[in-house]
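# Coordinate inspection notes
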Amino acid sequence: MRQSATARKILLSAEALFAEQGFAETTMREITSAAKVNLAAVNYHFGSKKGLITAVAEKYLTPLVSNLQDSLSERQADIKGGTITAQELLEILMRTLLQLGKSRQFALPVFMRLLELIYMKNQQELRDAMLARHRDSFSVFIELLRKDAAVMEDEEFFWRLHFLMGSIIFTLSNFQTLVAIEMREFERSAEVERTLHRMIPVLVAGLQARAEHTPFTRI
């Protein structure tokens, strides 16, 4: 359904504030003030702040998931049933994130802050909604990643996967702070693409490190 001009204005104002301040820190008063609308307009179009957050989340998650699926399908067709390495899978993920970042002004900071929010203990409802909608789409990527990971129990893979996600979320949601630190230490400024590229060997090593109490070779 096509959004009204008012709904789009609310979304754009919310995105800018969420990117700068975070979801939890941004108040409805700040959103309505930036969008130059009243609270009733937000409630009419989105129902509540949670509804507005969900709408922002879908604006970014839907194209991200779609682009990731397309890239994986294309690569799987190329290799005709072969294994996609963990390194290549992470490169595909990083390229997808970069595409998202180039598509909209606030895309990456909003997306990373969204992931931070989902991990908060009081966001079970939002977390369940996002998982219910996108679990199947991301499960293909996760299954492929597991195929090139070290032999390990499900529980061990669960933790390594979340260590991986946590590293990406922390780096991108705090990117401007890290840029400032690098500038102070090395007198040069980081680029998002180069930073994501640097993460890949570290993340791959974490996935492929032999788990405790597991054999040296694949089974």
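Residues numbered from 1 in each chain as written. Predicted model: local features only at pLDDT ≥ 70, side-chain atom pairs only at ≥ 80, totals over all residues. Heavy atoms only, no water.

Before going further, it helps to spend a moment on a nonpolar patch on the surface. A cluster of nonpolar residues, F158, W159 and F163, forms a patch on the protein surface that exposes about 360 Å² of accessible area. Examined against the element boundaries, F158 turns out to sit in helix 8 (residues 154–173). (Patch = residues over 30% accessible without salt bridge, like charges linked within 9 Å, V, L, I, M, F, W, Y side chains within 5 Å. Areas by Shrake-Rupley, 256 points an atom, 1.4 Å probe, with all protein chains shown as cover. Salt bridge = Lys/Arg side-chain N within 4 Å of Asp/Glu carboxyl O. Helix = DSSP H or I, 4+ residues; strand = E, 2+ residues; numbered from the N terminus.)

We now examine the packing of aromatic side chains. The description of an aromatic ring pair rests on the distance of the ring centres and on the angle between the ring planes. Taken as a whole, this structure holds 3 aromatic pairs when the rule is applied. Pairing W159 with F163 gives two aromatic rings, centres 6.0 Å apart and planes at 40 degrees, and the pair type is tilted. One end of the pair is W159 and the other is F163, both in helix 8 and 4 residues apart, which spans about a single turn. Its relative accessible area of 45% is what places W159 among the partly exposed residues. On the basis of relative accessibility, which here comes to 54%, the residue F163 falls in the exposed class. (Phe/Tyr/Trp six-rings, centres within 6.5 Å; stacked < 30°, edge-to-face > 60°. Buried < 20%, exposed > 50% of the residue type's maximum accessible area, 1.4 Å probe, protein only.)

Over its 24 residues, helix 7 (residues 124–147) extends only 30 Å from the first C-alpha to the last, a length that falls short of the 34 Å expected when each residue adds 1.5 Å. The sharpest bend along helix 7 measures roughly 60 degrees and falls at R135. Among the residues of helix 7, those classed as buried are L126, R127, M130, H134, S137, F141, L144 and L145. In the core, the buried residues of helix 7 are packed alongside helix 4 (49–79), helix 5 (86–103), helix 6 (107–118), helix 8 and helix 10 (192–208). (Expected span 1.5 Å × (residues − 1). Bend = angle between axes of the 7 residues up to and from the residue. Contact = heavy atoms within 4.5 Å.)

On to unusual backbone geometry. In this structure, K36 is a non-glycine residue whose phi angle is positive, near 60 degrees. Among the structural elements, K36 can be located in the loop between helix 2 (28–35) and helix 3 (39–46).

Now for the environment of E153. Locating E153 in the fold gives a position in the loop between helix 7 and helix 8. Of the residues examined, E153 reaches a relative accessible area of 60% and is grouped as exposed.

A few words now on the nonpolar core. Ranked by internal contacts, the top residues of the largest apolar core, which has 64 residues, are I10, L90, L97, F111, L145 and I168. In this view, F111 contacts Y60, L61, L64, L97 and L100; residues no more than four positions away in its chain are not counted. (Core = buried A, V, L, I, M, F, W, Y, C linked by side-chain atoms within 4.5 Å.)

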